[in-house]
There are 2 protein chains.
Amino acid sequence: MESRIEKIAVVGAGAVGGYYGARLAQHGADVHFLLRSDFDAVAQNGWKVRSLDGDFNLAPGQIHVYRQAEEMPKVDLVVVALKTTSNDQFAELIGPLVGEKTFILTLQNGLGNEEMLAELFGAERILGGLAFTCINRIGPGEIHHMDHGLIRLGQLAGGTETATAIAELFNRSRIRCDVLEDLRYGRWEKLVWNVPFNGLGAALDLSSDRLIASEDGAALVGELMKEILAVAGSIGVQLPSELISLKIEQTRTMGAYKTSMQIDRQCGRAMEIEAIIGKPLKIAKERGVATPFLEFLYRILTVVST
Amino acid sequence: MESRIEKIAVVGAGAVGGYYGARLAQHGADVHFLLRSDFDAVAQNGWKVRSLDGDFNLAPGQIHVYRQAEEMPKVDLVVVALKTTSNDQFAELIGPLVGEKTFILTLQNGLGNEEMLAELFGAERILGGLAFTCINRIGPGEIHHMDHGLIRLGQLAGGTETATAIAELFNRSRIRCDVLEDLRYGRWEKLVWNVPFNGLGAALDLSSDRLIASEDGAALVGELMKEILAVAGSIGVQLPSELISLKIEQTRTMGAYKTSMQIDRQCGRAMEIEAIIGKPLKIAKERGVATPFLEFLYRILTVVST
């Protein structure tokens, strides 16, 4: 497949989709946003972006906005930034945008998103991106990019040609981006952090610094990380055990960080339990890997989410 | 030992100690309160009690208040209503009040309180009481007795003579009270409820109704109850397994009840983790009873409390 990318759709234009889509449009890409709650605001006023990489506004005339996927054109690249709790709407929201040469890049959290897209649209066109960033929606059509912003992306079926072309486009658009040789490795490495800090953070309503403030807390976080390493290993993703202390030490530099899942809980919104906790637990069960901590975490999150 | 009870000391006069002590004083007992934060308010204005069993005030002249245990007289009965997180002060706070014929009744939560008192003062004089009640402190020297109020009490070393005498005194003072033939059975039966609802309620910051709102939640509560039954069985306290569904069904009638431990967490106060969760876990380990849920609960509570 050829990798000329000019026309881009953003599906799920919350904080993350809105920010990256707006950056691409700011630098000349032809960006089409599928919006729900923010449709009126963005149609009337465009996007207002505060960013540590430079504030900017996009006028309504610089972008295209839609309420329905059926009204949208086929594009070269679909950027999927839906919350994973809406993954059951992939066919309906993404299907109309996909032509023969369309690539699909999911920036979503957790496991299984690329695979779900591949089942619907074929693995060759699917890419996954890990967004290491902190972006909040501060009002209708208003976004605050507060920290970081790196995207690491890779091709589900292997190879790096398309990933490299997209990374170049992103880097030209002031989005720091690099290419993962092994997307699965990247996903699991990110999961080692996300499982304890999103999971325990939301279940116990504790920010990342509080979770590791005591030895007991760091030990519990470490137990969960150890289980994720074991599950990854069971499907051939070998993560080094040094990752555990490394990630805990990195977290100590982050201050009182609240994960998206903790914020979702505090705001009474759906939490991404399945993508971040449920999927690795399911793999553990299939592979016969003992993960008692992961299982308990999943159970208490299920209770908290009801 | 003879069971004439006229002079009573209340140690730890928070909501529970304040309420029961004030009731006893209202009905003619000679009650001596050991106070900390509320000393000035009670010394100046006495107790103000709102209660579903009848509001009343006690003037300063109707009671005795102290800041220091050393200033207090020896009494016939010490009522211990300290938070269990202060149990390391038993010797210092209770010792000065204990004469040859003094009984000690602890109304505290969880396990191990009677045994700690017995080590210091001898088992023969120790009684335990389970307070099924909902009493809040609403201001300095002001108490609101909102619901229930039954005390079930028993003698640590067996027998019922002293327990019966105290129960009669309490009942004459408009405190509903009955006698437990088997104090340990009563303690463990109460623990079957307290472990999941106090423990999970505080760790996950969920009220009792939310904990059992879903099947997943009721199942998790049930797993913890099952473990407590097994631990009780391992030391010869045989609780029927029907207790599990019975207690869950009873809880459904209680509305959005917040346990003391959840409220302590929300107010940033010390939680009674050791008395309610740590003690049964310790017994489980000593007896080789597998309690994975209890252990995980203990670990997450430890993290939440730091």
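See the structure shown above.
An account of the accompanying structure is given in this report. (Residues numbered from 1 in each chain as written. Chains lettered and ligands numbered in written order. Predicted model: local features only at pLDDT ≥ 70, side-chain atom pairs only at ≥ 80, totals over all residues. Heavy atoms only, no water.)

1. As for empty space enclosed by the protein
Residue and element names in this part refer to chain B. According to the stated counting rule, one finds 1 cavity of 30 Å³ or more in the structure shown. In this structure, the largest cavity is lined by Gly110, Leu130, Arg187, Lys190, Leu191 and Asn194. Considering each element in turn, the lining of the largest cavity owes the most residues, 4 residues, to helix H6 (residues 183–204). Its residues assigned to classes, the lining of the largest cavity comprises 2 nonpolar, 2 polar and 2 charged. (1 Å grid on protein atoms, 1.4 Å probe; cavity = no way out; pocket = protein on both sides within 12 Å on 5 of 7 lines; lining within 4 Å. Points joined across faces, edges and corners; volume = space filled by probe spheres on them. Helix = DSSP H or I, 4+ residues; strand = E, 2+ residues; numbered from the N terminus. Nonpolar A, V, L, I, M, F, W, Y, C, P; charged D, E, K, R; others polar.)

2. Brief notes about the nonpolar core
Generally speaking, soluble globular proteins have nonpolar side chains that are buried together. Counting 92 residues, the largest nonpolar core has Trp188, Leu204 and Ile300 of chain A together with Trp188, Leu204 and Ile300 of chain B as its most contacted members. Residues within four places of Leu204 of chain B in sequence aside, it is in contact with Ala203, Leu204, Arg265, Ile300 and Val304 of chain A together with Leu211 and Arg265 of chain B. (Core = buried A, V, L, I, M, F, W, Y, C linked by side-chain atoms within 4.5 Å. Buried < 20%, exposed > 50% of the residue type's maximum accessible area, 1.4 Å probe, protein only. Contact = heavy atoms within 4.5 Å.)

3. Notes on the relation of the copies chain A and chain B
Mapping chain A onto chain B is achieved by rotating through 180° and translating by 0.0 Å along the same axis, at an RMSD of 0.0 Å. Expressed as a symmetry operation, the mapping of one chain copy onto the other fits a two-fold axis. Minimal C-alpha separation from the rotation axis in chain A is found for Leu204 of chain A, amounting to 2.5 Å. The overlap is high: 100% of the interface residues of chain A also sit at the interface in chain B, so the same surface is used on both sides. (Least-squares fit on C-alpha atoms with pLDDT ≥ 70 in both.)

4. Structural notes on the pairing of strand E2 (residues 30–34) of chain B
Residues and elements named next belong to chain B. Burial analysis of E2 places 4 of its 5 residues in the buried class, which makes it a mostly covered element. In this structure, strand E1 (residues 7–11) lies alongside E2, joined through 5 bridges in parallel fashion. Note that in E2 the partner of Val10 across the bridge is Phe33. Bridge analysis of E2 against strand E5 (residues 64–66) gives 3 bridges, and the strand direction is parallel. Within E5, the residue paired with Leu34 across the bridge is Tyr66. (Pairing = 2+ DSSP bridges.)

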